[in-house]
Amino acid sequence: MPDATSAETTVELIWLKDRLQRWVRFGRPADEIVHDRRRRAASFVPGAVFALVHWEAGYYGTTLSRLWVLRAIEPGEPFDRVPFVNPGAEVLLDLKTWVKVRAGLEAIDAIEALGINPERVCPDHWRHVGGRIAVAEPPSPYTRARHRAWLSRKRLGLVDEDAA
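This structure is a prediction, so every number in the text was calculated from the model and none was measured.

Draft legend 1. Layout of the overall build of the protein. A tally of regular secondary structure across the protein gives three helices and eight strands. In the protein, the succession of helices and strands from N to C terminus is β-β-β-β-β-β-β-β-α-α-α. Against the globule reference of 15 Å for 164 residues, the protein gives a C-alpha radius of gyration of 16 Å, in line with a compact fold. In terms of principal-axis extent, the alpha carbons of the protein reach across some 50 × 40 × 25 Å. Counting across all 164 residues of the protein, residues that qualify as buried make up 40%. Here the analysis covers contacts within the protein between residues at least 6 apart in sequence; of these, 56% occur between residues at least 24 apart. Roughly 9,100 Å² of accessible area belongs to the protein as shown, and the carbon and sulfur atoms make up 53% of that amount. Computed over 24 positive and 22 negative side-chain charges, the inter-centroid distance for the protein is 6 Å.

Draft legend 2. Representation of the pairing of strand β2 (residues 20-26) within the structure. Across the seven residues that make up β2, a large majority, five, are buried. Bridge count between strand β1 (residues 9-16) and β2: three bridges; the pairing is antiparallel. In the strand pairing of β2, Leu16 is matched with Leu20. Taken together, β1 and the strand that follows it, β2, pair antiparallel across an intervening segment of three residues, in which Asp18 is found at a positive phi of about 65 degrees.

Draft legend 3. Seen up close, the environment of Arg19. Along the chain, the position of Arg19 falls in the loop between β1 and β2. Non-local contacts of Arg19, meaning those with residues more than four positions away in its chain, are made with Trp55, Glu56 and Ala57.

Draft legend 4. A look at the environment of Leu52. Mapped onto the elements, Leu52 comes out in strand β5 (residues 49-58). Here the alpha-carbon distance between Leu52 and Arg71, two residues 19 residues apart in the chain, equals 11 Å. Discounting residues that sit within four places of it in the chain, Leu52 has contacts with Val11, Leu13, Arg22, Trp23, Arg66, Leu67, Trp68, Pro83 and Val85.

Procedures and definitions
- Residues numbered from 1 in each chain as written.
- Predicted model: local features only at pLDDT ≥ 70, side-chain atom pairs only at ≥ 80, totals over all residues.
- Heavy atoms only, no water.
- Helix = DSSP H or I, 4+ residues; strand = E, 2+ residues; numbered from the N terminus.
- Rg over C-alpha atoms; globule rule 2.2 N^0.38 Å.
- Buried < 20%, exposed > 50% of the residue type's maximum accessible area, 1.4 Å probe, protein only.
- Contact = heavy atoms within 4.5 Å.
- Areas by Shrake-Rupley, 256 points an atom, 1.4 Å probe, with all protein chains shown as cover.
- Lys, Arg positive; Asp, Glu negative; His and termini not counted.
- Charge placed at Lys NZ, Arg CZ, Asp CG, Glu CD.
- Pairing = 2+ DSSP bridges.

Below, the structure written as structure tokens:
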């Protein structure tokens, strides 16, 4: 497993039907290690943005739901501790409870419906989505125009690439 000085961020994934599931909703792992047919580890290069979903159920249904949108960190960069993510990552979105997780997944679906890769979305949008959903308000939609503006800011060097 990598430590805080390693170049990659590793996520432990699992699939136990009807009991426990942890999967990457979007993002491209640089590497993947299959431990067995239910467990694997996905590694992301520094700067990669990805979404991680964690779901657990008990005898009477869902007991835990989480959705994170994370940015893999550079070696030596400060980071947040996130369960199942080693060493950690920058948290762009953190939602708890199924109602909020579902709203976050719908926001991701809406971005994909525009033909935009969620990995390339402005990090501030994920923070906005998390803040709005946290107070039970709908987030502002991410539009093609907003995305073009974000890409232009990056291209012109108006954005600190480490913060993006």
